[in-house]
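# Secondary and tertiary structure notes
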Amino acid sequence: MTALPPKTAPRDPLASIPKDLPSEDKENMESAWHRDQMNLLIESLRVRWRGRTDYYCGGNMFIHFSAKQVRNQDFRGPDFFAVLDVDGTRERDYGAVWEEDGRYPDVIVELLSPSTAEEDRTTKMKIYEKVFMTKDYFLYDPETQILEGYHLSEKFRYRKIIPENGRLWCETLGCWLGTQVGKFQEGTNTWVRMFEPNGEMLPLFSDLAEAEKQRAETEKQRADSIEAENVRLRAELEQLKNSNP
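Treat the numbers as computed from the prediction; the structure is a model and nothing was measured.

This next bit is on unusual backbone geometry. The backbone of Phe156 shows a phi angle near 60°, a positive value even though the residue is not glycine. Counting through the fold element by element, Phe156 comes out in the loop between β7 (146–152) and β8 (158–160). Despite not being glycine, Asn165 has its phi angle at roughly 55°, a positive value.

In structure tokens:
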């Protein structure tokens, strides 16, 4: 009777993946606006969820999701993304699905440009829908100032999010996305901003600092006013004592 060859464990397709994966394409972003807009979205979510460590958000960072993708250098670097239910305290140079317990981005925002718009609407959108199964996908065109969004339906297909009062609801983050003219990083422009369910625009760290400064000034003015009133009352009391020996 011929002996059967010993069983071997199936080869892990990720075992040959190098540890020093690329983190970015080394190319500059399309414009200063694209860079600032990416940072604004990241800061907005970090302010809203300050104190939480169960998520990670980033931008212009490669998301590695398969051995084949790494070998073919088929990288995907969303302009903004958020992954829920991961260790947010760990520093990352890139995103690797196998290092995140299989977690893909739950929300992605792509900032369109003439050189990327077609890919963002076709190739990337298909990957985000079919492979990543990203729940909420948004695209913003700074030229037309049009924001559009898609939510993954129960049939795992993107359906367009219908605007309400000019804003789009992001179910995953529990907030609205919309546009607002304002100042950020010394530049006044139209920005994609996050809004609370009640419509209030999410603050940035600079807004929190300014609010704290105003609160401190108000508290100091109140303390100064109370002290001035106490000084006046003591002076009146002393005057009464002197007039009635």
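Turning to the nonpolar core, a few remarks are in order. One finds Leu45, Phe80, Phe138, Leu173, Leu177 and Met194 to be the most contacted residues of the largest nonpolar core, which totals 30 residues. Taken together, the elements giving at least two residues each to this core come down to α1 (32–48), β1 (55–58), β3 (80–84), β5 (107–111), β6 (136–141), β9 (168–170), β10 (175–184) and β11 (187–195). Element by element, the count of residues in this core is highest for α1, at six residues. Those residues in contact with Phe80, other than ones at most four positions away along the chain, are Leu41, Ile42, Leu45, Cys57, Gly58, Gly59, Val107, Ile108, Val109 and Met194. Listed in part, the 19 residues of the second largest apolar core include Met61, Ile63, Phe65 and Val86.

With that out of the way, let us pick up the pattern of salt bridges. Here the structure, examined in full by the defined rule, presents 11 salt bridges. The salt bridge partner of Arg90 is Glu100, with a shortest N-O separation of 2.8 Å. Placement of Arg90 in the loop between β3 and β4 (95–96) and of Glu100 in the loop between β4 and β5 is noted, with a sequence separation of 10 residues between them. Here Asp120 ties to Lys124 by a salt bridge, and the two come within 3.6 Å at their closest N and O atoms. A residue is classified by how much of its surface remains accessible, and Lys124, at 11% relative accessible area, is buried. What you see here is one network of salt bridges that share partners, running through Arg90, Arg92 and Glu100.

Before going further, it helps to spend a moment on the sheet that holds β7. Taken in spatial order, the six strands line up as β1-β3-β5-β6-β7-β8 in an open sheet, and their pairing is mixed. Two strands in the sheet have a free side with no partner beyond their single neighbour: β1 and β8. The mean inter-strand angle of the sheet, taken between neighbouring strand axes irrespective of direction, is 15°. Strand direction decides the pairing type here: β5 and β6, joined by five bridges, are parallel. Directly across from Leu111, in β6, lies its bridge partner Tyr140. Each of β1, β3, β5 and β6 is contacted by α1, which is oriented at about 165° to β1, the strand it contacts most. Of the strands in this sheet, β5, β6, β7 and β8 are in contact with helix α4 (residues 123–132), which crosses β5 at around 175°.

Taking 1.5 Å of rise per residue, the 17 residues of α1 would be expected to cover 24 Å, and the 24 Å separating its terminal C-alpha atoms lies within 8% of that figure. The element α1 is largely enclosed, with a buried count of 12 among its 17 residues.

Quick look at the environment of Val181 now. Note that Val181 resides in strand β10. Accessibility expressed as a relative area gives 59% for Val181, which makes it exposed. Sequence separation of Val181 and Val192 is 11 residues, and the distance between their C-alpha atoms is 8.9 Å. For Val181, the residues in contact, after removing those within four places along its chain, are Thr188, Asn189 and Thr190.

Burial along β1 is two-sided: Tyr55 and Cys57 facing one way and Tyr56 and Gly58 facing the other are all buried. Pairing of β1 with β3 involves four bridges; the strand directions are antiparallel. Directly across from Cys57, in β3, lies its bridge partner Ala82.

This part takes up the side chain of Asp136. Inspection of the secondary structure puts Asp136 in strand β6. Of the side chains with opposite charge, Arg159 lies nearest to the buried Asp136, which makes no salt bridge, at 7.3 Å. Sequence-distant contacts of Asp136, defined by excluding residues within four places in its chain, comprise Asp106, Val107, Ile108, Tyr150, His151, Ile161, Cys170, Glu171 and Thr172.

Thresholds, definitions, all that
- Residues numbered from 1 in each chain as written.
- Predicted model: local features only at pLDDT ≥ 70, side-chain atom pairs only at ≥ 80, totals over all residues.
- Heavy atoms only, no water.
- Helix = DSSP H or I, 4+ residues; strand = E, 2+ residues; numbered from the N terminus.
- Core = buried A, V, L, I, M, F, W, Y, C linked by side-chain atoms within 4.5 Å.
- Buried < 20%, exposed > 50% of the residue type's maximum accessible area, 1.4 Å probe, protein only.
- Contact = heavy atoms within 4.5 Å.
- Salt bridge = Lys/Arg side-chain N within 4 Å of Asp/Glu carboxyl O.
- Pairing = 2+ DSSP bridges.
- Axes fitted to C-alpha atoms, helices over the stretch in contact; angles between N-to-C directions.
- Expected span 1.5 Å × (residues − 1).
- Lys, Arg positive; Asp, Glu negative; His and termini not counted.

These figures come from the coordinates and say nothing about function on their own.
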